[in-house]
Amino acid sequence: MADFRLVNPEGWEYDLQSVYSAYIGYFQLHNIPWYDRTWGQFFETFEQFLGFSWPVIAVTDSSTGRAHIVTRLTTVGAFIKMIKTRFGETLPTPDNMLKVTHFETSQRHLRNVADWATYKKLYTTLPAVALAAFKTRIRAGEPKAIRELWAKRDKTFLAIDFEWSERNPATFLEWGYAAVRCGHLEAVGAWPPMPESNYRKGHYIIGDYVDKIVNKHCPTYPWQYAWGDSQIIPRTKLPQIVQSVISSLASPDAETTANTLVLVGHGVSSDIQRLEETKIKIPHNVLIVDTASFERALFNTGERGVMHDPKTGKHRAQGSTLSLGGLLHSLGIEPPCALHNAGNDAFLCLLALQKMMEPGTATPMPDTDARKKSKAAGLVMAAPMPVAFMGHLSVVDDAYWKSLGRSGSPRVRERERGVVDGVTDEMGLMRRGSKYGSMSPPEMGGNWKDDRDKDKEGWFKSAKGVRLGTK
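Nothing here was measured: the structure is a model prediction, and the numbers come from that model.

Draft legend 1. Representation of the overall build of the protein in the model. Counting secondary structure elements, the protein contains 16 helices and 19 strands. Counting all 471 residues of the protein, 50% fall into the buried class. Within the protein, counting contacts between residues at least 6 apart in sequence, those at least 24 apart form 73% of the total. Per element, the accessible surface of the protein, about 22600 Å² overall, is 52% carbon and sulfur.

Here is the structure:
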């Protein structure tokens, strides 16, 4: 197996073991006593059959996703010719060999298999071949693969979003995430997920740049996080926080099995690039879903029907890509919060993915009353940073408790009162719903509703890129 060269996969389409199996079936069907023939030695076992020395490559079937060791029809012809030359008898080409339609388009390693040990060694690589192909299919947005992934209900889907400076992409302004742990919810029968209560979510504002760096072409709204409390952090702590979130949800790296963690994003390539720039460690077996590619694939296959541009009234062109706002609009979701806020974008991206998988998913609404209460608490930039407890700020008498779980903590007060309202949390367990909204100083953030309407009007962009400016 050490000596190999690269070949194009075209023409390599017959599973090698199925060739041997097809001959055994042919002999049985036509009552041919192969064991009495001089050439019968090649059919005593599969190992004997391999003695011909078969050139093979490993590919995956585009329809089933299974990996196979395949050879060419011309090699089967060469085997038949060898039998004719050496033994004087002509064998037919069996008509029930397993034909594989290869998924791979790049060149593959060519090996010559002449014994069982070589075949067995190559066979052990098939799970890794299948995983590599599955990762590619998921990343490309193949509907069948992504539906299978969601239907297993054993993965954790983590949607992420960065907001960065238009002038310097290395200057991060915000980071947000939303995650749903499907395996935990399925285990307790809490399916499908309820976004407002079953999503773990968070939003981080970089205190070094907030209100100092303002994007002109694509404004951001750091103070408009709608699904909880924003946390202000120094820029040096962001990599540590992002790494901790990913590490808390990922399983160990492996060459043959997919990770339990699935990264999700809209136009996710830019967010993956930001992760790489900040040296965030991501297991190599993590699957990546791009909701823009997934939706585009659904449209290209006709599953989304005829679509029109709300602004121009023209038919949507094949290969065009929806912005996040356009995707939400096409799913009947009127964004209940500001887009271009990292936390909101991550939450709505995960919601859009679930909506495409579970059309009956209801659109959650932020608790606007809680947001007003949070605003009333105020935010003093010069004061020590508030300490968060499970994503909620502990506020008592206009001051922040610095230790978790002290009297005054929302969770502690709820336990003292014995408050339970029957809402399931991210683990599918019963809890009281949070009444603490994001902290938004008054007169900050601009008119995000106007931007939302603009995003909805221009709801698909060219296939060259989903994000313009900072996105």
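Read on for the rest.
Draft legend 2. A look at the pattern of salt bridges. Applying the stated criterion across every chain, the model contains eight salt bridges. Across the pair Arg37 and Glu89 runs a salt bridge, and its minimum N-O distance is 3.0 Å. Taken together, the residues span a long stretch of sequence, with Arg37 in the loop between helix H1 (16-29) and helix H2 (46-50) and Glu89 in the loop between helix H3 (73-87) and strand E5 (108-113) at a distance of 52 residues. Overall, Arg37 belongs to the partly exposed group, its relative accessible area being 30%. Looking at Glu89, the relative accessible area reads 28%, which means it is partly exposed. Glu142 is the partner of Arg137 in a salt bridge, and the nearest nitrogen-oxygen pair spans 2.6 Å. For Arg137, a relative accessible area of 4% translates into the label buried. Within this structure, Glu295, Arg304 and Arg316 form a network of salt bridges that share partners.

Draft legend 3. Looking closely at the packing of helix H5 (residues 126-139) against helix H6 (residues 143-151). In the contact formed by H5 and H6, the axes pass within 8 Å of each other and the chain directions differ by 105 degrees. Judged on the interaxial angle alone, H6 and H5 are roughly perpendicular. Where H5 approaches H6, its residues Phe134, Arg137 and Ile138 are matched on the opposing element by Ala145, Ile146 and Leu149. The residue makeup of the contact of H5 with H6, split by class, is five nonpolar, no polar and one charged.

Rules behind the numbers
Residues numbered from 1 in each chain as written. Predicted model: local features only at pLDDT ≥ 70, side-chain atom pairs only at ≥ 80, totals over all residues. Heavy atoms only, no water. Helix = DSSP H or I, 4+ residues; strand = E, 2+ residues; numbered from the N terminus. Buried < 20%, exposed > 50% of the residue type's maximum accessible area, 1.4 Å probe, protein only. Contact = heavy atoms within 4.5 Å. Areas by Shrake-Rupley, 256 points an atom, 1.4 Å probe, with all protein chains shown as cover. Salt bridge = Lys/Arg side-chain N within 4 Å of Asp/Glu carboxyl O. Axes fitted to C-alpha atoms, helices over the stretch in contact; angles between N-to-C directions. Parallel < 35°, antiparallel > 145°, perpendicular 65-115°, else oblique. Nonpolar A, V, L, I, M, F, W, Y, C, P; charged D, E, K, R; others polar.

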